[in-house]
Amino acid sequence: MSLTDRQEDLLIAVALTEFSVHYEQADPELSRRAWQLAADRLVDHDVEPAEAVDELEIG
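All values derive from a computational prediction rather than experimental measurement.

Rules behind the numbers
- Residues numbered from 1 in each chain as written.
- Predicted model: local features only at pLDDT ≥ 70, side-chain atom pairs only at ≥ 80, totals over all residues.
- Heavy atoms only, no water.
- Helix = DSSP H or I, 4+ residues; strand = E, 2+ residues; numbered from the N terminus.
- Rg over C-alpha atoms; globule rule 2.2 N^0.38 Å.
- Buried < 20%, exposed > 50% of the residue type's maximum accessible area, 1.4 Å probe, protein only.
- Contact = heavy atoms within 4.5 Å.
- Areas by Shrake-Rupley, 256 points an atom, 1.4 Å probe, with all protein chains shown as cover.
- Lys, Arg positive; Asp, Glu negative; His and termini not counted.
- Charge placed at Lys NZ, Arg CZ, Asp CG, Glu CD.
- Polar contact = N/O pair within 3.5 Å; in protein donor to acceptor, adjacent residues only side chain to side chain.
- Phe/Tyr/Trp six-rings, centres within 6.5 Å; stacked < 30°, edge-to-face > 60°.

J.: Explanation requested: the overall build of the protein in the structure shown.
T.: Helix and strand counts for the protein come out as three helices and zero strands. Relative to the globule expectation of 10 Å for 59 residues, the C-alpha radius of gyration of the protein, 12 Å, shows essentially globular dimensions. Reported as C-alpha extents along the three principal axes, the dimensions of the protein are approximately 35 × 20 × 20 Å. The 59 residues of the protein split such that 24% are buried. For the protein, long-range pairs separated by at least 24 residues make up 56% of all intrachain contacts whose partners lie at least 6 apart in sequence. Summed over all atoms, the accessible surface of the protein reaches about 4,400 Å², with 52% contributed by carbon and sulfur. With 4 positive and 15 negative side-chain charges, the protein shows a separation of 7 Å between the mean positions of the two kinds.

What follows is the structure, encoded as structure tokens:
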């Protein structure tokens, strides 16, 4: 199965969001940066985080 560029970006955004949540206590700055990268990808596609999960059918 091949992913479209949009699906790849959304999958990366979801992964970065998960990373930011799990590492918030260990490294707040790294967590913040991961969240910002995720948000940038979501904004590029005009998608909310929950919509990304729904669109990827992973939730």
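From this point, things continue past the structure.
J.: What should I look at first to understand the side chain of Thr17 in this one?
T.: Tracing the sequence through the fold places Thr17 in helix α1 (residues 5-22). Only 2.8 Å separates the side chain of Thr17 from the backbone oxygen of Ala13, close enough to count as a polar contact. Discounting chain neighbours no more than four positions away, the residues touching Thr17 are Trp35 and Ala38.

J.: Explain the packing of aromatic side chains here, please?
T.: The way to describe two aromatic rings as a pair is by their centre distance and the angle between their planes. Under the defined criterion, the tally for this structure stands at one aromatic pair. Note on Phe19 and Tyr23: the rings are 4.5 Å apart at their centroids and 25 degrees apart in plane angle, and the pair reads as stacked. Overall, the relative accessible area of 29% leaves Phe19 in the partly exposed class.

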